[in-house]
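Residue-level listing of the chains:
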Amino acid sequence: MAKLAINGGPKAAEGFGLPEWPLFDDEYREIVLDVLSSRHWGRLHPDSRVEEFERAYAEYHGARFGIGVSNGTTALELALLATGIKAGDEVLVPAVSFIASASAIVTGVGAVPIFVDIDPETACISPDAIEKAVTDRTRGVVAVHYGGYPADFDRILPIVHEHDLVLVEDCAHAQGSEWKGRKVGTFGDIGCFSFQESKALTAGEGGIVLTDDEELAESARLYHNIGRVVGRPGYQHHVLASNYRMTEFQGALLSTQLERYRQNQFDSKYENYQFLVKELQLLGGIEPQKHDERITGRGFYFIVLRYHSDQFDGVHRDRFMEALNAEGVPCAAGYAVPLYKQPAFKREGVERLLAESARPWPDYETMFLPASERFCAEEQITIRHQALLTGHQGMQQIIDAVAKIKENIAELAATE
Ligand SMILES: Cc1ncc(COP(=O)(O)O)c(C=O)c1O
């Protein structure tokens, strides 16, 4: 008789449910209605709720300045504009991420994304690969804190300093993550966050850039507000720029979310994560991102796990995930392919957006970065961050489901 749920057996994680996302309650209703009745829906008023959120979020991360924006993609575009990266410059970016980490380099400033491999143990950009990829056209690095795991600043900062590169941190996954007691978004020149609906802090859409550099902050304010300078006449525009402003609805929702995140969610999610990965490691064959004492706090977008098929009788990761989903644990394969394989990076798409000065364009279509390829095709398993709100009981259900598949791997292998 079949034991595994995929073959008709009972589910190991019966009743395990991801909390519906985003969370909300009556306080959120009141906040939205307050903004509605204030008739100040945009931020261009005194006592703006966006301004209040900017201050609170910057303070939480230990940054001097925060500029709220419409989403995480525009946060990256704005960061690249403000730091002075120009058309034709090369910017290094990991091949495994959400497309905005790379596409913003093109859509924001007409610069050229140069994909570099990841470190498979962290899923973040590989410092060795950065070193190898730097040329005399390289002007910047976008480092993504993948799944909330901080990139290796001890290795990356000396490289960017040596080559005089701009470091943009993509912290879309990493609200509150810490490296040696200091929060991400404050190590590079500028940090970018997303508050899109699936993120741990959200207003449906939204983003922010953080920086300690006053000039950069001024530049970001200017570019995010269609070239206006605060305190000068509203119809005077000092640079050609777009409108990236955040709405008051977003600002108000995010301030409340930040309070709850700090007080009720941040530490407990990390604690649940640690319980989960310790037990999974005892089972063998499923590794979390590498343990690193220098990481002192973790935000999450998804839990990132690495599957080793040799410890599951050679069963492919995709088949294992089907079995895990059938046992009642929703999981997926992250972003599925390295970014250079996205249709958006085909030659005709690149030609449309990149200036002649950016030649020679990289041939993304023939690229092959081994760690990124293997990670996407065979190794990565992701579980959405809200699973970490289900406590040890929820974590135990995930562990039980993996253990059950491992015990019955011959049954799965036979039906592959
Ligand atoms: C790593 C990363 N960077 C940037 C973004 C872009 O953020 P948004 O969706 O808010 O534009 C995302 C969104 O998922 C992301 O995951």
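Described below are features of the structure shown in this document. (Residues numbered from 1 in each chain as written. Predicted model: local features only at pLDDT ≥ 70, side-chain atom pairs only at ≥ 80, totals over all residues. Heavy atoms only, no water.)

Let's talk about the site of the ligand
Argument step 1. By nearness alone, 16 residues border the ligand, and Gly 72, Thr 73, Asp 170, Ser 194 and Lys 199 come closest of all.
Argument step 2. Backbone polar atom of Gly 72 to an oxygen atom of the ligand: 2.8 Å apart, as the coordinates give it.
Argument step 3. Compared with its free state, where it exposes 390 Å², the ligand has 94% of that area covered by protein.
Argument step 4. Contributing elements (two or more residues each) for the shell around the ligand: helix H3 (72-82) and helix H4 (100-109).
Argument step 5. The element that contributes the greatest number of residues to the shell around the ligand is H3, accounting for 3 residues.
Argument step 6. In terms of residue class, the shell around the ligand is made up of 6 nonpolar, 8 polar and 2 charged. (Near = heavy atom within 4 Å. Polar contact = N/O pair within 3.5 Å; in protein donor to acceptor, adjacent residues only side chain to side chain. Areas by Shrake-Rupley, 256 points an atom, 1.4 Å probe, with all protein chains shown as cover. Helix = DSSP H or I, 4+ residues; strand = E, 2+ residues; numbered from the N terminus. Nonpolar A, V, L, I, M, F, W, Y, C, P; charged D, E, K, R; others polar.)

Overview of empty space enclosed by the protein
The method is simple in principle: a probe with the dimensions of a water molecule rolls over the atoms, and the space it marks as empty is what remains.
Argument step 1. Per the counting criterion, the structure on display carries 2 cavities of 30 Å³ or more.
Argument step 2. As a volume, the largest cavity reaches approximately 40 Å³.
Argument step 3. Contributing to the lining of the largest cavity are Pro 120, Glu 121, Thr 122, Ala 123, Glu 287, Pro 288, Gln 289, Val 304, Leu 305, Arg 306 and Phe 375.
Argument step 4. Contributions of two or more residues to the lining of the largest cavity are made by strand E12 (286-288) and strand E14 (302-307).
Argument step 5. Ranked by residues supplied to the lining of the largest cavity, first place goes to E14 with 3 residues.
Argument step 6. Considered class by class, the residues forming the lining of the largest cavity number 6 nonpolar, 2 polar and 3 charged.
Argument step 7. Reported here for the second largest cavity is a volume of approximately 30 Å³.
Argument step 8. Around the second largest cavity, the lining residues are Phe 345, Arg 347, Val 350, Pro 362, Asp 363, Tyr 364 and Glu 365. (1 Å grid on protein atoms, 1.4 Å probe; cavity = no way out; pocket = protein on both sides within 12 Å on 5 of 7 lines; lining within 4 Å. Points joined across faces, edges and corners; volume = space filled by probe spheres on them.)

Quick notes on the environment of Ile 398
Argument step 1. In this structure, Ile 398 sits in helix H12 (residues 391-407).
Argument step 2. Remark: the alpha-carbon pair of Ile 398 and Ala 12, spanning 386 residues in sequence, is separated by 8.3 Å.
Argument step 3. If near-sequence neighbours (up to four positions away) are discounted, Ile 398 is found in contact with Phe 16, Leu 276, Val 329 and Ile 383. (Contact = heavy atoms within 4.5 Å.)

Examining the side chain of His 385
Argument step 1. Tracing the backbone shows His 385 in the loop between strand E15 (380-384) and H12.
Argument step 2. Not counting the four nearest positions on each side in its chain, His 385 is found in contact with Trp 21, Ser 198, Lys 199, Ala 200, Lys 269, Phe 300, Tyr 301 and Phe 302.

Regarding the pattern of salt bridges
Argument step 1. Evaluation of the coordinates by the stated rule reveals 24 salt bridges.
Argument step 2. Here Arg 43 makes a salt bridge to Glu 54, at a shortest N to O gap of 2.7 Å. Note that Arg 43 is positioned in the loop between helix H1 (26-38) and helix H2 (49-61) and Glu 54 in helix H2, a separation of 11 residues in sequence.
Argument step 3. Looking at Arg 43, the relative accessible area reads 12%, which means it is buried.
Argument step 4. Beyond isolated ion pairs, a larger network of salt bridges with shared partners links Asp 152, Asp 154, Lys 180, Asp 292 and Arg 294. (Salt bridge = Lys/Arg side-chain N within 4 Å of Asp/Glu carboxyl O. Buried < 20%, exposed > 50% of the residue type's maximum accessible area, 1.4 Å probe, protein only.)

Points about the sheet that holds E14
Argument step 1. Taken in spatial order, the 3 strands of this open sheet run E12-E14-E15, and their pairing is antiparallel. Both outer strands of the open sheet, E12 and E15, are each paired with one neighbouring strand and no more. Taken over all neighbouring pairs, the strand axes of this sheet differ in orientation by 35° on average, direction set aside.
Argument step 2. Sheet analysis places E14 next to E15, joined by 5 bridges and oriented antiparallel. Bridging across to E15, Val 304 finds its partner in Thr 382.
Argument step 3. Against the sheet, helix H8 (residues 248-283) touches E12 and E14, its axis set at about 145° to E12. (Pairing = 2+ DSSP bridges. Axes fitted to C-alpha atoms, helices over the stretch in contact; angles between N-to-C directions.)

Focus on the packing of aromatic side chains
Argument step 1. Enumeration over the complete set of coordinates arrives at 24 aromatic pairs.
Argument step 2. Pairing Phe 115 with Phe 345 gives two aromatic rings, centres 5.2 Å apart and planes at 90°, and the pair type is edge-to-face. Placement of Phe 115 in strand E3 (residues 112-116) and of Phe 345 in the loop between helix H9 (317-326) and helix H10 (347-353) is noted, with a sequence separation of 230 residues between them. The two residues Phe 115 and Phe 345 agree in class, both being buried. (Phe/Tyr/Trp six-rings, centres within 6.5 Å; stacked < 30°, edge-to-face > 60°.)

Here's the deal with the pairing of strand E6 (residues 138-144)
Argument step 1. Most of E6 is tucked away, with 6 of its 7 residues classed as buried.
Argument step 2. Relative to E6, strand E2 (residues 90-94) is paired through 3 bridges, and the arrangement is parallel. Considered in E6, the bridge of Glu 90 is made with Thr 138.
Argument step 3. Between the parallel elements E6 and strand E7 (residues 166-170), the chain passes through helix H6 (residues 153-162) in a crossover that is right-handed. (Right-handed = clockwise from strand over helix to strand, strands pointing away.)

Topic: H2
Argument step 1. A rise of 1.5 Å per residue sets the reference length of H2, with its 13 residues, at 18 Å; its end C-alpha atoms lie 18 Å apart and thus fit the reference within 8%.
Argument step 2. When H2 is considered as a whole, its buried residues turn out to be Val 50, Phe 53, Glu 54, Tyr 57, Ala 58, Tyr 60 and His 61. All buried residues of H2 lie within an arc of 155° about the axis, which places them on one face of the element. Away from the buried face of H2 by more than 90 degrees, exposed residues Arg 55 and Glu 59 are located.
Argument step 3. Buried-residue contacts for H2 involve strand E1 (65-69), strand E9 (182-183), strand E10 (190-194), strand E11 (207-211) and H8.
Argument step 4. Once H2 ends, the next one or two residues include Gly 62, with phi positive near 70°. (Expected span 1.5 Å × (residues − 1). Arc of directions from axis to C-beta.)

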